[in-house]
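# Coordinate analysis (summary)
What follows is each chain in one-letter form.
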Amino acid sequence: MSIHLYNTLSRTKEPFEPANPGQVSMYVCGPTVYSRPHIGNARPPVIFDVLARLLRTRYTLTYARNITDIDDKINAAAAESGQSIAEISSRFADFYHQDMEALGVLPPDIEPRATDHLSDIIDMIQGLVATGHAYEADGHVLFDVTSFDQYGRLSRRDRKELLAGARVAVADYKQNPGDFILWKPSSEDLPGWESPWGTGRPGWHIECSAMSARHLGRTIDIHGGGNDLIFPHHENEIAQSTCAHGGQVFARFWLHNGFVNVDSTKMSKSLGNIVTVCELLEDAPGEAIRLALLSAHYRQPLDWTDEVLTESCRKLDRLYGTLRDIQGWQQDWPVTEADSTFLSALEDDLNTPRALAALFDLAREANSSDVEEQRKKLAARLRASAEYLGLLGTDPEQWFHSEPQGAMSKETIEALIADRNAARQERDFATADRIREQLDNAGITIEDGSGGTRWRRSG
């Protein structure tokens, strides 16, 4: 079955085939590095990591995800902290990489930074000025939205309304209220680079257009990001890239993920409800956070609650429990083949809820089978399928024994279990029950069986 993706540009689900047979180019808007990433920032890299994993099984993929390190928010953070712009952006880029690695997000093939592409940006702006799509005014260079008759097509916004200035800041130097900045002047206290228009810095939108063209070419197969980027960022990217490249299509497929809310409320600093990835990692494994982000379809909003994360830990316990309880599947059944029902769900516009349901169906079938070889085969298929989602990559015993910050150590747990077993052997059941209660209060579940006592962290 071919992959079908929902294209924001057409508002329909379309069969996906790359423009160049066998080769896919994908660009995803990355972080602006001025603070620790919150859970909403983590959803796009996790979603597009799953898409990248799927695409790589069929095509040669070149995946670029940028870092925005020229931005007024970075300037403000630097001024507030007393650090340089470079120190702020480098520090928070490192934090971003650490947090995404903890969520199992594989690095992109290319990670361009705006500061490394100033010549590309300036060249693109000069081309737009030369062809009449941009103009200089009061030290700024702006894109003339009236020069592009398809402006508003992606966001489905009325062009006349946009030109009237709806939701767009109006400045005296603009010819039209909807015109947007390609280059702006910098005062002495702000970062700036020499250009034909004086010392200044680029606007946000032109950065992505220039970096995408440099690394992926004038037309790319897939462009992705959050719903909040549809307008104005992606709308403006289409306008300036199409005009800079003589009318060539900028991106063939546009994919956008829904917002992450916290307890049904939009995250905001004013409400104090921003949940950062690093805070969540103090209480839960990155794999559980990743599963929670995949629990809803990527185009739908996701409501983040404590219960969502707790349930994700329980789900992983069940899946890892299946792999732990079926012995020998790694040796007897090489992990090469994913489940067809699982794959058809992913091929249907990355339907991760349906794909996760297929994983649990596999686990149930494996657990209920009386045929050992069939159990092993299903366990291997479960593991191969989960790899597409970036799940179940940890050794099962390690998953159950992983030690969260501040948790009871493995050595203490095993010493208490030994004391409990000794108490049971001596028929001192009061002591045995007290130790079991102590472990239970510490979030440790123990299971007595014919092979001895096993334990796992239950959160």
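The structure displayed is predicted, hence computed values, not measured ones. (Residues numbered from 1 in each chain as written. Predicted model: local features only at pLDDT ≥ 70, side-chain atom pairs only at ≥ 80, totals over all residues. Heavy atoms only, no water.)

## Considerations on the sheet that holds strand 12 (residues 265-266)
Where we set the bar: Whether two strands pair depends on DSSP finding at least two bridges between them. The helix count covers DSSP runs of H or I at least four residues long, the strand count covers runs of E at least two residues long, and both are numbered beginning at the N terminus.
Strand order in this open sheet of three strands is 12-11-13, and the pairing throughout is mixed. Two strands bound the open sheet, and with one partner strand each, they are strand 12 and strand 13 (302-304). Here strand 11 (residues 260-262) runs beside strand 13; their pairing, made up of three bridges, is parallel. Along strand 13, the bridge assignment pairs Asn261 with Asp303.

## Description of the packing of helix 1 (residues 39-56) against helix 14 (residues 372-389)
Threshold: Throughout, an axis means a line fitted to C-alpha atoms (over the contacting stretch in the case of helices), and angles, computed between N-to-C directions, take values from 0 to 180 degrees. The labels follow the angle: roughly parallel below 35 degrees, roughly antiparallel above 145, roughly perpendicular from 65 to 115, and oblique for the rest. Whether two residues are in contact is decided by their heavy atoms, any of which lying within 4.5 Å being enough.
Between helix 1 and helix 14, whose axes approach to 7 Å, the crossing angle comes to 125 degrees. As far as their axial angle goes, helix 14 and helix 1 are oblique. Residue-level inspection shows Val50, Arg53 and Leu54 of helix 1 in contact with helix 14, the latter providing Glu387, Tyr388 and Leu389.

## A few points about the nonpolar core
Formally: Definition of nonpolar core: a set of buried residues of the types Ala, Val, Leu, Ile, Met, Phe, Trp, Tyr and Cys, connected through side-chain atoms within 4.5 Å. Buried residues are those whose accessible area, probed at 1.4 Å on protein chains only, stays under 20% of the maximum for their type, while exposed residues exceed 50% and partly exposed ones sit between those limits.
Membership of the largest hydrophobic core comes to 76 residues, with the highest contact counts inside it found for Met26, Ile39, Leu55, Ile222, Leu293 and Trp304. Ranked by residues supplied to this core, first place goes to helix 1 with 10 residues. Discounting residues that sit within four places of it in the chain, Ile222 has contacts with Leu5, Phe16, Val24, Ser25, Met26, Tyr27, Leu51, Leu55, Phe253 and Leu255. In this structure, Phe143, Trp183, Phe250 and Trp254 belong to the second largest nonpolar core, which totals 39 residues.

## Overview of the pairing of strand 2 (residues 12-15)
As judged from the four bridges shared by strand 1 (residues 4-7) and strand 2, these two strands associate in the antiparallel manner. Each bridged residue has a counterpart across the sheet, and for Asn7 the counterpart in strand 2 is Thr12. Hairpin connection of strand 1 to strand 2: four residues between the antiparallel strands, including Arg11 at a positive phi of 60 degrees.

## As for the pairing of strand 6 (residues 140-143)
Side-chain direction in a regular strand flips from residue to residue, so the side chains alternate between the two faces of the sheet. Across the two faces of strand 6 the burial is the same, with His140 and Leu142 and Val141 and Phe143 all buried. Of the strand pairs in this sheet, strand 5 (residues 134-137) and strand 6 are connected by four bridges, and their pairing is antiparallel. Across the sheet, Ala137 pairs through a bridge with His140, a residue of strand 6. The antiparallel hairpin formed by strand 5 and strand 6 contains two residues in its connecting segment, where Asp138 sits at a positive phi of about 55 degrees. Examined bridge by bridge, strand 6 and strand 7 (residues 180-185) share three bridges and lie antiparallel to one another.

Function cannot be read off these values alone, since they describe shape.
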